[in-house]
Amino acid sequence: MFKDLFQKRKYATIPPERLRAERPKREIPEGLMIRCPKCGNIHLGKELEKNLKVCPSCDHHFRLTVRERVAITMDDGRLRELDAHLESVDPIEFPGYREKLEQQKRKTGLREAVMTGEGTIGGYPVVAGILSFDFFTGSMGSVVGEKVTRAIERAMERGWPLIIFSASGGARMQESIFSLMQMAKTSAALAKFHERRGLFISVLTDPTLGGVSASFATLADYIIAEPGATFGFAGRIVIEQTIRQKLPDEFQTAEFNLQHGQLDKVVHRKEMKAFLAKLLEMHASVYGHAPAAAEGETAVPADHEDREASGEPAIAAAEQAPETSGKADAGAGDDPVPAAVTSGAETGKGGSSDDR
Amino acid sequence: MTAELPFERPLADLRRKIEELKKFGEEKQIDFSEEIARLEERYRQMEEELYGNLGAAQILQLARHHQRPTSLDYIERIFTDFIELHGDRLFADDLAIVGGIARLDGIPVTVVGHQRGKDTKDNIRRYFGSPHPEGFRKALRLMRQADKFRRPIITFIDTKGAYPGDTAEMRGQSEAIARNLMEMSSFGVPIVCVVIGEGGSGGALALGVGNRVLMLENAIYSVISPNGAASILWKDASKADQAAEYMKITAADLKAFGIVDEVVPEPMGGAHRNPDEQAAAVKDAVWRHLQELLGMTPEELIEDRFRKFRAIGRFTEAQPEQTAECADYAE
């Protein structure tokens, strides 16, 4: 009987939410301090942003939103968005899909998991696509497949290089077979693109998996990745279940993939823009392109001149983007993200007078 | 005797009862013919009811039936002079994929398919029909050869999916699948694909970019296995049946979506009940579609295939200020 006295002492458990709620008002505004998931160090949110969301202590690359990516990649942080009005429907009437879509839209302010558009990098005109992991884990359904395909086709029409930043958990289950077939659609479009000697640079960011990695993301002339980015076909848990072994931490990282011959290069975020510009420059003779800045303003159609001033940087972070070609071009991005743009609008020629 | 599935048990029980009655009658020299006829009639009714209204979960069981005919079963019944060819010339010969050259009604063709094992030992050798990159690269090598020699390509799709293992990842599983998708879309020869069992995800699609995609009545085609979907959706893989219903993975669904060109009927109770009859039906369908494609030029074939896949996808494209639905892109 006495034993019980010593053994079973009951503690009241307070759920963590309540604990937090009851704590005196010492609340830190969200985003002020951010803990690095890799090294555990805590950084000022502002400082982290200044550092392009790369951990100053351990170089961990945090995931970026689409707008942040545009801001640090495109000249002046500008992307003239294409096909902004494509939205998902519920093709197989999957229970809960419509609600989930609405919720993702509210959460991110995006319409779908990819943003495509035209702009310049280091003065070179490109068609760019950026997947958003925030939106439905960057999964590819009909809209992502269609927008990527249209971006490929746009790059072909323009005779411009194509750059896609991938971040995706894979196919979008809720669209079932329609989702699977987007892999074939985007790949078939790339077959045409490559046949016409188009330049496609695929940038793998954390994470790139499944249906995206097994279609357009690996069908590039150059496959580069951000440090530490997860890249593979099957997910780690599934693989561990299959082989009944624990996988090493570095499995499927960019560095691991580089070592196994699956990538051309791992490029630090701070060097990414300059690296892309360099690659574009090295293909300039193929494309007959010169950087827009060098071509001068005369190459820009007159009706675009007055719009130049409207090109505000997309987000504040744009100002932190590495300075490259200062006065890139006036034509290629007269609408800042996220302003809606009609896809068929007359576009600037990226300042280049002789694109095909 | 074919192995029965759980949902087939009432039918199998009745069959056993009939057999017992027959045997009993013979032994005791009693005439039960009236009762037997009545039971047989009831059996036929039950059969029609059961197989006429199969749900996705039951179809899934039929698609995965261990006695269901495999690629090699079809190959030996449909083609003549089959010569199996091996290896990707890069790393290994992946037995999860078989392929080679053969004749279809006298015409040389290249045939490639996923290959499940016939028993446990065979399944282990063949990784249960789930290819590694070398399997997809073997398939690609054979299809390139077909393109070079202007032979039509016939593929049989039957896999749970690409092998999800560490070695497969290290050798570029993603790239191998992606490359097949891209190159299949640009071959200037007719390609007819037949989903004979389980069409599982990217590993299935890697043999699936054809001018025509046919599907057996009880085959399935899905972006993720219903078990996988269930474990993602409800953290419970045992709810696969419900996921199967939700995901619209049957031949009838895919035909309705315009993704599959023809559904090849199966004998009552599934392809494994009569492999010969099934193979004849597949041959007939493949041959019919091939006839239509043989008259096309390489350019026309490429364009035909491109258009087929380019059109797949359903979405709305709202212009600012207006919401016009153009959901039916898949035609």
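If you're wondering where the values come from, they're calculated on a predicted model, not measured in any experiment.

Engineer: Whenever I open this one, the domain arrangement of chain A confuses me. Can you help?
Structural biologist: Residue and element names in this part refer to chain A. The domain architecture assigned to chain A consists of domain 1 (33-60) and domain 2 (63-336). If you look at the interface, domain 1 gives 7 residues, while domain 2 gives 8 residues. Here domain 1 meets domain 2 over a buried area of about 780 Å², counting both sides, of which 55% is carbon and sulfur. Glu68 is the salt-bridge partner of Lys53, the closest N and O atoms lying 2.9 Å from each other. At the boundary of domain 1 with domain 2, the tally comes to 5 residue pairs in polar contact (both at pLDDT 80 or more). Here the side of domain 1 that touches domain 2 is composed, by residue class, of 2 nonpolar, 1 polar and 4 charged.

Engineer: Is there a simple way to think about the confidence of the model for chain B in this case?
Structural biologist: Residue and element names in this part refer to chain B. Averaged over all residues, the pLDDT of chain B equals 92, while 96% of them reach at least 70. With pLDDT under 50 throughout, residues 321-331 is counted as low confidence; its partners more than four residues away or in other chains account for 25 contacts. Confidence estimates for the predicted assembly give a pTM of 0.84 and an ipTM of 0.92.

Engineer: How should the packing of aromatic side chains be read in this particular structure?
Structural biologist: Describing an aromatic ring pair means giving the distance of the ring centres and the angle of the ring planes. Within the structure shown, the criterion is met by 9 aromatic pairs over all chains. Centre to centre, the rings of Phe251 of chain A and Phe256 of chain A are 5.0 Å apart; their planes meet at 65 degrees, and the pair counts as edge-to-face. The exposure class of Phe251 of chain A is buried, given its relative accessible area of 3%. Aromatic rings pair up to connect Phe94 of chain A together with Trp234 and Tyr246 of chain B into one cluster. Its end group placed over the ring of Phe306 of chain B, Lys192 of chain A keeps NZ or CZ at 3.9 Å from the ring centre.

Engineer: Where do I start with the layout of surface pockets in this structure?
Structural biologist: Empty pockets left among the atoms are what a rolling probe the size of a water molecule brings to light. All names here are of chain A. Volume-wise, the second largest pocket comes out at about 380 Å³. When contributions to the lining of the second largest pocket are tallied by element, the ones reaching two or more residues are strand E6 (124-131), strand E7 (162-168) and strand E8 (200-208). For the lining of the second largest pocket, the leading source of residues is E7, giving 3 residues. Split by domain, the residues of the lining of the second largest pocket number at least three in each of domain 1 (33-60) and domain 2 (63-336).

Analysis parameters
Throughout, a residue's number is its position along its own chain's written sequence, starting from 1. Working convention: letters from A go to chains and numbers from 1 go to ligands, in the order in which they are written. Local features in this predicted model are restricted to residues of pLDDT 70 or higher, and side-chain atom pairs are both shown and tallied only at a pLDDT of 80 or more, whereas totals for entire chains, interfaces and linings draw on every residue. Excluding hydrogens and water, the side-chain values take into account all heavy atoms of the structure. How far each domain reaches was decided by an automatic or database domain assignment. When checking whether two residues touch, look at their non-hydrogen atoms; a contact exists if any pair is within 4.5 Å. Put simply, buried area is how much 1.4 Å-probe accessible surface two parts lose in total, over both of them, once they are put together. The salt bridge criterion pairs a side-chain nitrogen of Lys or Arg with a carboxyl oxygen of Asp or Glu, the two atoms within 4 Å. Contacts described as polar in this section are N or O atom pairs within 3.5 Å, which, within protein, must combine one atom able to donate a hydrogen with one able to accept it, while residues neighboring in sequence count only if both atoms come from side chains. Side-chain classes are defined by residue name, with Ala, Val, Leu, Ile, Met, Phe, Trp, Tyr, Cys and Pro counting as nonpolar, Asp, Glu, Lys and Arg as charged, and the others, Gly among them, as polar. Confidence per residue, as judged by the predictor, is encoded in pLDDT with a range of 0 to 100. Classification of ring pairs rests on two measures: the distance between centres of Phe, Tyr or Trp rings, Trp counted by its six-membered ring, which must be within 6.5 Å, and the angle between planes, read as stacked under 30 degrees, edge-to-face over 60 and tilted in between. Relative accessibility under 20% of the residue-type maximum defines a buried residue, over 50% an exposed one, and the middle range a partly exposed one, all with a 1.4 Å probe and only protein chains included. Only lysine NZ and arginine CZ atoms are considered, and such an atom sits over a ring when it is within 6 Å of the ring centre and within 35 degrees of the ring normal. Lining residues are defined by having an atom within 4 Å of a point belonging to a cavity or pocket. Those points lie on a 1 Å grid over the protein atoms alone, cavities being sets where a 1.4 Å probe fits but cannot get out and pockets being open sets with protein on both sides within 12 Å along at least five of seven lines. Grid points are joined across faces, edges and corners, and a volume is the space filled by probe spheres set on the points. Secondary structure elements are defined from DSSP: runs of H or I of at least 4 residues count as helices, runs of E of at least 2 residues count as strands, and each element is numbered from the N terminus.

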